[in-house]
Amino acid sequence: MRKISVVMALLLIACGAFYFLEGYRFTPFAAAKANGFVTDDYELVEKIEEDSIFYLFKSDEKQEYRTVHVKQNAQTYYSYASTFIPYGEDNLQTIGGMSIRYEDEKATLFVLLSKDEAIDSIVVHTEFGDEKKKILKDKPLYFLFPYSQQIDHINATAFDKNGNELYYYKDVDQNLKWQEI
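Residues numbered from 1 in each chain as written. Predicted model: local features only at pLDDT ≥ 70, side-chain atom pairs only at ≥ 80, totals over all residues. Heavy atoms only, no water.

1. So, the sheet that holds strand β2 (residues 53-59)
Cut-off, in case you're wondering: Strands are labelled as partners when DSSP assigns at least two bridges between them. Comment: elements are numbered from the N terminus, with helices defined as DSSP H or I runs of at least four residues and strands as E runs of at least two. Axis definition: a line fitted to C-alpha atoms, over the contacting stretch in the case of helices. Angles run 0 to 180 degrees between N-to-C directions.
If you trace the four strands from one edge of the open sheet to the other, you get β1-β2-β3-β4, paired in antiparallel fashion. Among the strands making up the open sheet, the edge pair consists of β1 (43-49) and β4 (76-86). Strand-to-strand twist across the sheet, computed as the mean angle between neighbouring axes with direction ignored, equals 20°. In this structure, β2 lies alongside strand β3 (residues 64-73), joined through seven bridges in antiparallel fashion.

The structure is reproduced here in structure tokens:
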């Protein structure tokens, strides 16, 4: 009887170690930090949790933003997907984004940062209509959609408070970024 208890305890410890090494954690944030690309030099910028869970980190050492998706599995969480965007000097820049597609979950995240006080709002044009949000200087703004769409296919425009177009998001000469009008 004692041998069976010892074997069972060792099996439980081995299973627990396997799950831990694979990145499974009991909280979404712990799973995001366990993502292999999120090293100790990253600091949390934003947690985005609606139907999907995303974290936006930044690393001054690597000069980049990293978007991490976290998925729930029964009582645990894990993260296998992340993207990065290098720091930029533009007045309006995309600092995060990701498109995911699983059997039970689809989402597109688009995160922006403005250094331009003239920008009042951002409109993302979708096949389901336009989504407009106010943007504040030096504060991240995100759009989270319940469908999967590549970030380079996002059609977005930045406006001033009078409704004049200031920037559009477009790929020009294989350089996807906000272009001044």
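2. A closer look at the pattern of salt bridges
Definition in use: Criterion for a salt bridge: a side-chain nitrogen of Lys or Arg within 4 Å of a carboxyl oxygen of Asp or Glu. Buried, partly exposed and exposed residues are distinguished by accessible area as a fraction of the type maximum, computed with a 1.4 Å probe on protein chains only: under 20%, between the cut-offs, and over 50%, respectively.
Applying the stated rule across the entire model yields nine salt bridges. A salt bridge links lysine 58 to aspartate 60; the nearest nitrogen and oxygen atoms lie 4.0 Å apart. Judged by relative accessible area, lysine 58 falls into the partly exposed class, the value being 23%. Classification of aspartate 60 by relative accessible area gives partly exposed; the value is 43%. The partner of aspartate 120 in a salt bridge is lysine 134, with the nearest N and O atoms 2.8 Å apart. Of this pair, aspartate 120 sits in the loop between β6 (106-114) and β7 (121-126) while lysine 134 sits in strand β8 (residues 129-134); the two residues are 14 residues apart in sequence, bridging distant segments of the chain. For lysine 134, a relative accessible area of 57% gives the class exposed.

3. Topic: the environment of serine 121
Short version of the rule: Contacts: residue pairs with any heavy atoms within 4.5 Å of one another.
Note on placement: serine 121 falls in strand β7. Taking the C-alpha atoms as reference points, serine 121 and isoleucine 135, 14 residues apart in sequence, are found 5.2 Å from one another. Once you skip the residues sitting within four places of it in the chain, serine 121 turns out to touch Lys132, Lys133, Lys134, Ile135, Thr157, Ala158 and Phe159.

4. Description of unusual backbone geometry
Positive phi is not limited to glycine here, since glutamine 63 has a value of about 60°. With respect to the secondary-structure elements, glutamine 63 resides in the loop between β2 and β3. Given a relative accessible area of 42%, glutamine 63 falls into the partly exposed group. The backbone of alanine 74 shows a phi angle near 60°, a positive value even though the residue is not glycine. Its place among the elements puts alanine 74 in the loop between β3 and β4.

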